[in-house]
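Remarks on the overall topology
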Amino acid sequence: MPYSLSGVGHNGFEKADLHIHTKCSDGIFTPEEIVLKAKKSGLKAISITDHDSVSGIDKAKPLATQHGVELINGVEMSSTYQGHDIHILGYFFDHKNPELQRYLDHCRHLRTRRAERMVQKLAKMGVKIEIEQIILKAQNGSVGRPHIAAVLQDGGFVRSFSEAFSKYLGSHSPAYVKSIETHPADIIKLINEASGLSFLAHPGQNVPDEILRQLITFGLDGIEIIHPSHDPYKQNYYKEIANEYFLLFSGGSDYHGLKDQEEDHFGQITIPYDWVTKMKSRIVTV
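Note that the structure is a prediction, hence the values are computed from the model and not measured.

**Thoughts on the overall build of the chain**
Looking only at helices and strands, the chain has 12 helices and eight strands in total. When the backbone C-alpha atoms are referred to their principal axes, the chain occupies close to 55 × 40 × 40 Å. When each of the 286 residues of the chain is scored for burial, the buried share is 53%. Within the chain, contacts between residues separated by at least 24 positions form 71% of all contacts whose residues are at least 6 apart in sequence. For the chain, the accessible area works out to roughly 12800 Å², and carbon and sulfur atoms hold 51% of it. Side-chain charges in the chain split into 31 positive and 35 negative, and the spacing between the mean points of these groups amounts to 3 Å.

Structure (structure tokens):
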């Protein structure tokens, strides 16, 4: 594994994973199941960061309290900037903030509309699936491309998730429809006004350096340093940028439970709890 993180979260460090998805967006486990997995893996703190949804937080909270796992309010929000899909992670915000709730309801509607348009594009290619099947897969959660991929696989149109994305759903594939086109500055402001901290998710995947530096000027609080797609070189690189701008560090497994290798990530791709403590001190001083 090129991104083995033996130096992080081990050697007696208390561990945290601040990037986990559940059935409330495109993960396969319920929020409650994630809490139990976290307890079993020895994680001190977790954040459920479902796509444009906070509905998993209240579901997970009672069990997290019962098992002594610290649950940090989280969300992964979609935005678009200069043709790039930009994902912003929010932490420690008030998940009942009315403006945030209104915006996330709006996102749910947009995500369903996007799925409908992708279904129409697929139909023109002779790949006929129904929007109702996708909504059923999402179990009333936040609809995303993995749900469409699952329906394509069920229908025998593709053999795997990766084939669904490379053939139909990836950003350069024929059935692709752009994600939510909110400006990242608006997302950062929304999180900030709900008393939270905003972090740029997995910059090594899709964010060129010049865009990253512009995003920082919009008021980001931090950068996701640890991620399955970040090798040690990228981790150090983004740490240096974060330090240059006095930004916080975050990270996690980006766990969905969809692929076999993700089981190796859970409880292993973690951050030292010390990073969480630093986040908390930033909230207090704001």
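**Let's talk about the state of the cysteines**
By definition, a disulfide is the covalent link that joins the sulfur atoms of two cysteine residues. Summed over the entire model, instances satisfying the criterion amount to zero disulfides. Left without a disulfide partner, Cys24 is nearest to the cysteine sulfur of Cys107, which lies 15 Å away. We classify Cys24 as buried; its relative accessible area is 4%.

**As for the pattern of salt bridges**
Pairing between side chains of opposite charge can happen when the charged atoms of each approach one another. Taken as a whole and judged by the stated rule, the model has 13 salt bridges. Note that Lys37 is salt-bridged to Glu263, the shortest N-O span being 3.1 Å. Placement of the pair is Lys37 in helix H1 (residues 31-40) and Glu263 in helix H11 (residues 260-265), with a sequence separation of 226 residues. Judged by its relative accessible area of 37%, Glu263 falls in the partly exposed class. Residue Arg113 pairs with Glu116 through a salt bridge whose shortest N-O separation is 2.4 Å. Residue Arg113 and its partner Glu116 are both found in helix H3 (residues 98-124); the two are separated by three residues, about one turn of the helix.

**Some words on the sheet that holds strand E2 (residues 43-48)**
Here eight strands make up an open sheet; going across it, the order is E7-E6-E5-E4-E3-E2-E1-E8 and the pairing mixed. Strand pairing shows two members of the sheet lacking a second neighbour, strand E7 (248-251) and strand E8 (271-272), which therefore form its edges. Where strand E1 (residues 15-20) meets E2, four bridges bridge the pair, whose relative direction is parallel. Bridge pairing in E2 places Lys15 opposite Leu43.

**A look at the packing of aromatic side chains**
To describe a pair of aromatic rings, one takes the distance between the centres and the angle between the planes. Considering all chains together, one arrives at seven aromatic pairs under this definition. Both rings, one in Tyr81 and one in Phe218, keep their centres 5.4 Å apart while their planes meet at 85°; by these two values the pair is edge-to-face. Of the two residues, Tyr81 is situated in strand E3 (residues 70-81) and Phe218 in the loop between helix H9 (209-217) and strand E6 (222-226); the sequence distance between them amounts to 137 residues. With a relative accessible area of 11%, Tyr81 lands in the buried category. When the ring of Tyr233 is compared with that of Tyr237, the centres are 6.1 Å apart and the planes differ by 15°; the resulting orientation is stacked. One end of the pair is Tyr233 and the other is Tyr237, both in helix H10 (residues 232-244) and four residues apart, which spans about a single turn. On the basis of relative accessible area, Tyr233 is assigned to the exposed category, the value being 61%. Three or more aromatic residues joined by ring pairs form one cluster here, namely Phe29, Tyr255 and Phe266. Here Lys37 stacks its cationic end above the ring of Phe29, 5.2 Å away from the centre of that ring. Lying over the aromatic face of Phe266, Lys37 brings its terminal NZ or CZ to 5.2 Å of the ring centre.

**Some remarks on the side chain of Arg114**
Following the sequence through the fold, Arg114 ends up in helix H3. Put simply, Arg114 is tucked away with no salt bridge, and the nearest opposite charge, on Asp85, sits 5.2 Å away. Only 3.4 Å separates the side chain of Arg114 from the backbone oxygen of Lys178, close enough to count as a polar contact. Each residue touching Arg114, except ones within four places of it in the same chain, is listed here: Arg145, Tyr176, Val177, Lys178 and Ser179.

**Let's talk about unusual backbone geometry**
Glycine aside, a negative phi is what most residues show, and trans is what most peptide bonds show. Phi at Phe92 is positive, roughly 65°, even though this residue is not glycine. Topologically, Phe92 is positioned in the loop between strand E4 (84-91) and H3.

**Let's talk about the side chain of Lys15**
Position of Lys15 relative to the elements: it lies in strand E1. Salt bridges are absent for the buried Lys15, whose nearest opposite-charge side chain, Asp17, sits at 9.4 Å.

Reading the values: rules and limits
Every chain is numbered on its own, with residues counted from 1 as its sequence reads. Totals for whole chains, interfaces and linings use every residue, but because this is a predicted model, local features are given only for residues with pLDDT of at least 70 and side-chain atom pairs only at 80 or more, for both listing and counting. Where side-chain values are given, they derive from all heavy atoms of the structure, hydrogens and water being excluded. Numbering goes from the N terminus for both helices and strands, where a helix is a DSSP run of H or I of at least four residues and a strand is a run of E of at least two. Buried residues are those whose accessible area, probed at 1.4 Å on protein chains only, stays under 20% of the maximum for their type, while exposed residues exceed 50% and partly exposed ones sit between those limits. Contacts were defined at the residue level, with two residues in contact if any of their heavy atoms lie within 4.5 Å. Note on areas: Shrake-Rupley with a 1.4 Å probe; residue coverage comes only from the protein chains shown. Counted charges follow a simple rule, with Lys and Arg positive, Asp and Glu negative, and His plus the chain ends left uncounted. Working definition for charges: the position is that of NZ of Lys, CZ of Arg, CG of Asp or CD of Glu. Cysteine sulfur pairs qualify as disulfides if the two atoms are within 2.5 Å. The term salt bridge refers to a side-chain nitrogen of Lys or Arg lying within 4 Å of a carboxyl oxygen of Asp or Glu. Strand pairing requires that DSSP identify at least two bridges connecting the strands. Each aromatic pair joins two rings of Phe, Tyr and Trp (for Trp, the six-membered one) with centres within 6.5 Å, and gets the label stacked for planes under 30 degrees apart, edge-to-face for over 60, and tilted for any other angle. Only when the NZ of Lys or the CZ of Arg is both within 6 Å of the ring centre and within 35 degrees of the ring normal is a charge said to sit over the ring. Pairs of N or O atoms are called polar contacts if they sit within 3.5 Å, as long as, within protein, a hydrogen donor faces a hydrogen acceptor (for residues adjacent in sequence, only side-chain-to-side-chain pairs).

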